[in-house]
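# Chains, contacts and geometry: an overview
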There are 2 protein chains.
Amino acid sequence: MFFSQRKTQYALRAIYELAKRHGEGPTKISEIAKVQGIPTRFLEVILNQLKASGMVESKRGFYGGYRLIRQPGDITIGDVLRYMQKSAGHSACIACVAEESCPFDGNCVFSDMWKRVHTEVYKIFDGTTIEDLVHHGSS
Amino acid sequence: MFFSQRKTQYALRAIYELAKRHGEGPTKISEIAKVQGIPTRFLEVILNQLKASGMVESKRGFYGGYRLIRQPGDITIGDVLRYMQKSAGHSACIACVAEESCPFDGNCVFSDMWKRVHTEVYKIFDGTTIEDLVHHGSS
DNA sequence: TTGTTTCTTGACTAATACAGTCGGAAAGTA
DNA sequence: TACTTTCCGACTGTATTAGTCAAGAAACAA
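Let me sum up the structure you'll find in this document. (Residues numbered from 1 in each chain as written. Chains lettered and ligands numbered in written order. Predicted model: local features only at pLDDT ≥ 70, side-chain atom pairs only at ≥ 80, totals over all residues. Heavy atoms only, no water.)

Here we come to the protein's contact with DNA strand C. The environment of DNA strand C is made up of 24 residues, and the closest members are A:Arg6, A:Arg41, B:Lys28, B:Lys51 and B:Tyr66. Atoms of DNA strand C within 4 Å of the protein: sugar and phosphate make up 70%, bases the balance. Take A:Tyr10: an N or O atom from its side chain is 3.1 Å from a phosphate oxygen of DNA strand C. Of all elements in the fold, only helix H1 (6–20) and helix H3 (40–51) of chain A together with helix H3 (40–51), strand E1 (56–59) and strand E2 (65–68) of chain B reach the threshold of two or more residues within the surface near DNA strand C. (Near = heavy atom within 4 Å. Polar contact = N/O pair within 3.5 Å; in protein donor to acceptor, adjacent residues only side chain to side chain. Helix = DSSP H or I, 4+ residues; strand = E, 2+ residues; numbered from the N terminus.)

Take a look at the structure:
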């Protein structure tokens with residue numbers, strides 16, 4: 001529905017990790033991977049993909065790594081989820097695989113409820129910034 | 001997260017179809033399959049599984065089929081989702097695959113938000129009955 | 001009784017999406 | 001130069017899910 005993919009989960013955690021180090025120099029992929037228990041080669045792929053979102057930038061070489069280019073308080077969970085799900089497919093409705101395959105023919109009885117769920121969920125996701133998470137607890 | 005499995009989607013639509021015919025005699029699997037565009041053999045499996053939930057009952061023979069044994073107004077979307085997801089695995093958190101694999105060690109920074117999302121979503125699911133859907137539109 | 005219709009059951013196969021890997025190239029630092 | 005890091009695209013493996021099949025049991029009709 002909204003995520004549940006490893007890739008998205010790792011993306012969230014990686015960005016969280018970058019936010020913790022915001023203001024410092026770039027953080028290496030290997031460092032994030034280690035702290036968050038994410039397979040390094042896989043994280044390479046993910047962070048690289050995130051660059052196009054404008055949330056992070058990278059630098060190669062010895063002092064290279066990744067850093068946030070937006071303020072942690074300006075990046076919401078919703079931003080990250082939306083971006084990661086855009087590449088993956090997301091289901092348009094709870095009862096249909098895709099809009100085109102809806103047997104209810106444009107008058108889907110589930111769609112109202114589905115929209116309400118979507119709205120409520122993104123109200124929370126868009127109302128929570130990465131900074132909120134950083135200031136939440138330890139880890 | 002909450003579903004997005006075909007099986008669950010089909011289950012919802014099958015139950016909706018039964019609700020539309022509530023009060024009449026049993027409805028055949030093949031009938032539901034046809035109307036809702038669900039593979040017949042697959043729907044057999046799904047409805048059979050639903051029997052154990054106490055929402056539907058079946059009858060064999062010429063005048064056989066399935067029928068609801070609870071009132072449509074008494075069955076919520078949440079009931080169906082919970083039942084179908086129980087057999088499948090559901091992720092415990094947005095950022096972790098499973099509680100045990102949480103790198104935040106019991107102090108997960110995502111978990112508060114995740115719980116709020118879960119609460120809001122099921123508030124809607126549990127507040128919507130199958131009857132609500134039947135009285136919603138045509139199809 | 002016999003035949004037909006329908007559900008029942010469990011095992012089976014097929015597809016596919018996703019997680020994760022690998023090798024080597026490019027870029028930055030010293 | 002030597003070294004470290006990201007970059008890129010192709011690749012593999014695997015687990016899950018979708019969906020099928022065949023034989024059998026119950027219910028009913030004639």
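What follows covers the pattern of salt bridges. Inspection of the entire model under this criterion finds 18 salt bridges over all chains. In this structure, the salt-bridge partner of B:Glu31 is B:Arg21, at a minimum N-O distance of 2.9 Å. Within this pair, whereas B:Glu31 is found in helix H2 (residues 29–36), its partner B:Arg21 is found in the loop between helix H1 (6–20) and H2, the two being separated by ten residues in sequence. Owing to a relative accessible area of 31%, B:Glu31 belongs among the partly exposed residues under this scheme. Connected via shared salt-bridge partners are A:Glu17, A:Lys20, A:Arg21 and A:Glu31. (Salt bridge = Lys/Arg side-chain N within 4 Å of Asp/Glu carboxyl O. Buried < 20%, exposed > 50% of the residue type's maximum accessible area, 1.4 Å probe, protein only.)

This part takes up the protein's contact with DNA strand D. Surrounding DNA strand D, one finds 24 residues, the nearest of these being A:Ile29, A:Lys51, A:Ser58, A:Tyr66 and B:Arg6. Near the protein, within 4 Å, the atoms of DNA strand D are sugar or phosphate in 67% of cases. A distance of 2.9 Å separates a base nitrogen of DNA strand D from a polar side-chain atom of B:Arg41. A distance of 3.0 Å separates a base nitrogen of DNA strand D from a polar side-chain atom of B:Arg60. Listing elements by their share of the surface near DNA strand D, those giving two or more residues are H3, strand E1 (56–59) and strand E2 (65–68) of chain A together with H1 and H3 of chain B.

Mapped onto the elements of the fold, B:Pro39 is located in the loop between H2 and H3. Separated by twelve residues in sequence, B:Pro39 and B:Lys51 place their C-alpha atoms 19 Å apart.

Another point: the pairing of E2(B). Residues and elements named next belong to chain B. Here E1 runs beside E2; their pairing, made up of four bridges, is antiparallel. Bridge pairing in E2 links Val56 to Leu68. Hairpin remark: E1 followed by E2, antiparallel, with five residues in the connecting loop; positive phi at Gly61, about 95°. (Pairing = 2+ DSSP bridges.)

Let's shift gears to the packing of aromatic side chains. What characterises a pair of aromatic rings is the spacing of the ring centres plus the angle enclosed by the ring planes. Taken as a whole and judged by the stated rule, the model has eight aromatic pairs over all chains. Ring geometry for A:Phe62 versus A:Tyr63: centroids 4.9 Å apart, planes at 85°, classification edge-to-face. (Phe/Tyr/Trp six-rings, centres within 6.5 Å; stacked < 30°, edge-to-face > 60°.)

Residue and element names in this part refer to chain B. With their axes 10 Å apart at the nearest point, H1 and H3 run at an angle of 75° to one another. When the axis of H1 is compared with that of H3, the two are roughly perpendicular. Only Phe42, Leu43, Ile46, Leu47, Gln49 and Leu50 of H3 make contact with H1, whose side of the interface consists of Lys7, Tyr10, Ala11, Ala14, Ile15 and Leu18. The class makeup of the residues in the contact of H1 with H3 is ten nonpolar, one polar and one charged. (Axes fitted to C-alpha atoms, helices over the stretch in contact; angles between N-to-C directions. Parallel < 35°, antiparallel > 145°, perpendicular 65-115°, else oblique. Contact = heavy atoms within 4.5 Å. Nonpolar A, V, L, I, M, F, W, Y, C, P; charged D, E, K, R; others polar.)

Okay, H3(A) next. Given 3.6 residues per turn, any residue in an α-helix points the same way as the ones three and four places further on. Residues and elements named next belong to chain A. Taking 1.5 Å of rise per residue, twelve residues should cover 16 Å, and H3 covers 17 Å from first to last C-alpha, within 8% of that figure. Buried within H3 we find Leu43, Ile46, Leu47 and Leu50. Relative to the axis of H3, the buried residues are bounded by an arc of 95° and lie together on one face. (Expected span 1.5 Å × (residues − 1). Arc of directions from axis to C-beta.)

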